[in-house]
Amino acid sequence: MDPATWKAVDTIPDEELWAVRRETSSRLAGWVRSQTVTDRLTRGDTMEYATMAARKFDPDVLTLGFARRLAAYKRLHIFIQDPERMMRLLDGPRPIQFLYAGKAHPRDDDAKRLVVQMFRFKSDPRRGGRVAFIEDYDIGIASLLTSGCDVWVNLPRPPLEASGTSGIKAAVNGTLNLSVLDGWWAEAWDGTNGWGIEAAEDPNHAVVDARDATAFYELLEREVVPLFYERDARGVPRGWVARMKASLRTIGPRFCATRMLDEYVRNIYPPR
């Protein structure tokens, strides 16, 4: 939890840090290409659809991850709030790809319907190769996703976020967070270490969802995608790596178990 320890991240050569990111991205992409075929065939999908991601999922494409307990307030549907706009991002000259995973509570019918909504778009060939639902989310899959995705997305409806700890796991793997400023991200985001969507409560869920979806798409189009694909002569995205370093340096010492236990001992359970 010593900030001085994490400050040393700034001395890592950009080329070395980026090489490690590409290694973890390649590992994830290879696993996804294999796993999606199994998952899709098990669900009864056609061979054409089952092999789309195996042919197209690319470690050099900007990869977004969304994986956790699939509660309705997490608003998975924001990804397809504007389907055509999302399709343009998936299939544009600087494309993105998207992995999502998780399990809804058996009694959370709204959350289950959100997953069904996502699956309705699977017939679009632009989507089949760039978007994948990963079955049977568990700690092993979580490890692959949080270490291999480039951006970790969290879109809770304010003020319902309890914490959002998957984003912390992603951050210490060098993955950048893009999240609504609720839960832990409201404390962690400083403008340099990821991207934040302003949290505003509104009893009209449709209004707040539409507003946050617009903010989400605009961040992707104007900031996230350009920064990821802007490379120097050596193929390194210097601006992206700088943001990675800021994320590691600022989040590492503040959101770790050592700091938590230390505060419990000093503030909650002082010696008598």
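A few points on the structure.

**Thoughts on the nonpolar core**
Grouped together as the largest cluster of nonpolar side chains are 45 residues, with contacts concentrated most on Leu62, Leu64, Phe79, Phe216 and Trp240. Sort the elements by how many residues they give to this core and helix H11 (residues 205-229) lands first, with ten residues. Among all residues touching Phe79, those that are not within four sequence positions of it are Leu64, Phe66, Met86, Phe98, Met118, Val153, Leu155, Phe216 and Tyr217. Grouped together as the second largest cluster of nonpolar side chains are 18 residues, Val32, Ile141, Cys149 and Trp152 included.

**Some words on the environment of Gly65**
Structurally, the position occupied by Gly65 is in strand S1 (residues 62-67). With a relative accessible area of 1%, Gly65 lands in the buried category. The spacing of Gly65 and Met47 is 18 residues in sequence and 25 Å in space, taken between C-alpha atoms. In this view, Gly65 contacts Phe98, Leu99, Cys149, Val151, Trp152 and Val153; residues no more than four positions away in its chain are not counted.

**Focus: the pattern of salt bridges**
One pass over the structure, following the stated rule, counts 23 salt bridges. When the shortest N-O distance is used, the salt bridge between Glu15 and Arg234 registers 3.3 Å. Remark: Arg234 occurs in the loop between H11 and helix H12 (238-251) and Glu15 occurs in helix H2 (residues 14-42); sequence separation between them is 219 residues. For the salt bridge of Asp110 with Arg113, the shortest nitrogen-to-oxygen distance reads 2.4 Å. Of the two residues, Asp110 and Arg113 are both situated in helix H6 (residues 109-119); the distance of three residues between them amounts to about one turn of the helix. What makes Asp110 partly exposed here is its relative accessible area of 43%. Judged by its relative accessible area of 48%, Arg113 is partly exposed. Where salt bridges share partners, they join Asp14, Glu15, Asp232, Arg234, Arg238 and Lys245 into one cluster.

Procedures and definitions
- Residues numbered from 1 in each chain as written.
- Predicted model: local features only at pLDDT ≥ 70, side-chain atom pairs only at ≥ 80, totals over all residues.
- Heavy atoms only, no water.
- Core = buried A, V, L, I, M, F, W, Y, C linked by side-chain atoms within 4.5 Å.
- Buried < 20%, exposed > 50% of the residue type's maximum accessible area, 1.4 Å probe, protein only.
- Helix = DSSP H or I, 4+ residues; strand = E, 2+ residues; numbered from the N terminus.
- Contact = heavy atoms within 4.5 Å.
- Salt bridge = Lys/Arg side-chain N within 4 Å of Asp/Glu carboxyl O.

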